[in-house]
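# Structural overview
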Amino acid sequence: MTAVLRARGLGRRYGRRWALTDCTLDVPAGHVVGLVGPNGAGKTTLLSLASGQIAPTTGDITVLGETPGSGPAHLAKVGFVAQDTPTYARLSIAEHLRLGARLNPGWDDALARDRIARLGLDPDRRAGRLSGGQRAQLALTLGIAKRPELLILDEPVAALDPLARHEFMQVLMEAAAEQEFSVVLSSHLVSDLERTCDHLVVLVDSRVRLSGDVEGLLAAHHRITGPRRDPDRLAAGQHVVSASHTDRQSTFIIRTDDPIHDPAWTVSQVSLEDLVLAYMSRPAETASAGRPVLEIQR
Ligand SMILES: Nc1ncnc2c1ncn2[C@@H]1O[C@H](COP(=O)(O)OP(=O)(O)OP(=O)(O)O)[C@@H](O)[C@H]1O
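Residues numbered from 1 in each chain as written. Predicted model: local features only at pLDDT ≥ 70, side-chain atom pairs only at ≥ 80, totals over all residues. Heavy atoms only, no water.

Moving on to the sheet that holds strand S3 (residues 32–36). Ordered by their spatial adjacency, 6 strands build an open sheet running S5-S6-S7-S3-S8-S9, and the pairing between neighbours is mixed. At either margin of the open sheet sits one strand with a lone partner, and together these are strand S5 (78–81) and strand S9 (207–213). Put simply, the sheet's adjacent strands are angled 15° from each other on average, direction ignored. Relative to strand S7 (residues 182–187), S3 runs parallel, the two sharing 5 bridges. Considered in S7, the bridge of Val-36 is made with Ser-187. Across the sheet, helix H6 (residues 162–179) lies against S3, strand S6 (150–153) and S7, angled at about 160° from S7, the strand it touches most. (Pairing = 2+ DSSP bridges. Helix = DSSP H or I, 4+ residues; strand = E, 2+ residues; numbered from the N terminus. Axes fitted to C-alpha atoms, helices over the stretch in contact; angles between N-to-C directions. Contact = heavy atoms within 4.5 Å.)

If you want it as structure tokens, here you go:
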């Protein structure tokens with residue numbers, strides 16, 4: 001299947017500071033991809049590179065097989081909803097839709113009007129008079145009505161309350177399923193992504209720490225708890241992602257494709273949040289003694 005996003009050694013520097021470093025990624029088409037990481041991790045930088053708003057300092061990126069922003073035909077295939085879901089405060093919803101129709105060759109006006117009606121929004125209302133949640137829904141409608149092959153959203157729900165977050169994600173999921181477009185969306189909260197994303201990219205300190213299919217990642221990671229043990233004494237093939245110890249007990253989150261036979265361990269599943277936190281709290285350069293920093297591509 002074609003990659004919607006493919007990066008090789010991608011990096012972007014602002015002045016002397018690297019906002020994204022050595023990013024190698026393959027994001028397959030037909031997925032809802034969650035890009036998660038703490039503030040300043042490089043999420044906006046990666047999404048700005050993917051939407052062609054900035055150029056790489058090093059490496060390459062292709063989106064839907066082409067260089068981002070390479071021409072009008074490519075721009076028409078990629079929708080982008082920027083952070084803070086910008087709209088024109090003085091323009092009405094109807095005027096936003098007219099603008100969308102003028103700027104986008106594949107614009108689906110019936111779809112846009114239907115979505116606005118379903119949201120119960122008055123087309124004559126100015127965007128500046130909408131609530132944060134309504135403005136986010138308007139920006140999402142503009143993105144969806146463009147009929148993109150890929151919709152990129154940068155922290156679309158950051159300013160919304162829990163109910164508005166839920167509604168936004170629901171609308172996005174339904175539209176992605178109905179219209180069969182791929183989605184890449186960023187958040188610094190795993191809870192926004194937990195029920196919606198089937199592919200995950202974890203970005204920390206300008207580096208990709210983890211990338212893969214959510215089901216596969218959850219199946220490959222385990223929490224093991226048992227008598228205190230040095231990480232070096234774990235079985236070969238058990239890669240330590242995080243470790244915590246008390247005087248007598250050790251708890252590890254490990255990645256392994258092999259069954260865990262050692263009866264000393266109590267083995268439990270990890271949640272997506274456990275997994276993300278484990279990779280986020282893991283220093284990039286210090287994998288467990290002598291073992292390489294783990295990056296998974298599935
Ligand atoms: N235009 C810019 N000029 C200088 N530095 C920048 C610029 N944009 C981003 N940076 C820096 O690059 C790093 C990554 O920023 P980026 O906005 O990509 O992170 P983020 O993960 O999207 O953060 P947040 O969750 O806070 O939005 C940060 O250290 C930031 O200060």
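What follows concerns the environment of Leu-142. Mapped onto the elements of the fold, Leu-142 is located in helix H5 (residues 132–145). Spatially, the C-alpha atoms of Leu-142 and Trp-18 are 32 Å apart, while their sequence positions differ by 124 residues. When sequence neighbours within four positions are dropped, the list of residues in contact with Leu-142 reads His-96, Leu-97 and Trp-107.

Attention now goes to the packing of aromatic side chains. Per the counting criterion, the structure on display carries 1 aromatic pair. On the basis of an interplanar angle of 85° and a centroid distance of 5.8 Å, the ring pair of Phe-252 and Trp-265 is categorised as edge-to-face. Here Phe-252 is found in strand S12 (residues 249–255), whereas its partner Trp-265 is found in the loop between S12 and strand S13 (266–269), with 13 residues between them in sequence. By the burial criterion, Phe-252 is buried, and Trp-265 matches it. (Phe/Tyr/Trp six-rings, centres within 6.5 Å; stacked < 30°, edge-to-face > 60°. Buried < 20%, exposed > 50% of the residue type's maximum accessible area, 1.4 Å probe, protein only.)

Further remarks concern the domain arrangement of the protein. Split by domain assignment, the protein resolves into domain 1 (3–205) and domain 2 (215–280). The centre of domain 1, based on its C-alpha atoms, is set 35 Å off from the matching centre of domain 2. Contacts between the two partners involve 8 residues from domain 1 and, on the opposite side, 7 residues from domain 2. Between domain 1 and domain 2, the buried area comes to about 730 Å², and carbon and sulfur atoms account for 80% of it. (Domains from an automatic or database assignment. Buried area = accessible area lost by both parts, 1.4 Å probe.)

Right, let's get into the side chain of Glu-155. Assignment of secondary structure puts Glu-155 in the loop between S6 and H6. There is a polar contact of 3.0 Å between the side chain of Glu-155 and the side chain of His-188. When neighbours within four sequence positions are excluded, Glu-155 is seen to be in contact with Lys-43, Gln-83, Ser-186, Ser-187 and His-188. (Polar contact = N/O pair within 3.5 Å; in protein donor to acceptor, adjacent residues only side chain to side chain.)

Here we come to the site of the ligand. Lining the immediate environment of the ligand, one finds 13 residues, of which Arg-17, Gly-40, Lys-43, Thr-44 and Thr-45 sit closest. Measuring from an oxygen atom of the ligand, one finds a backbone N or O atom of Gly-42 at 2.9 Å. Between Glu-155 and the ligand, the recorded distance is 2.9 Å, taken from a side-chain N or O atom to an oxygen atom. A per-element tally of the shell around the ligand places helix H1 (residues 43–50) first, with 3 residues. Split into classes, the residues belonging to the shell around the ligand amount to 4 nonpolar, 6 polar and 3 charged. (Near = heavy atom within 4 Å. Nonpolar A, V, L, I, M, F, W, Y, C, P; charged D, E, K, R; others polar.)

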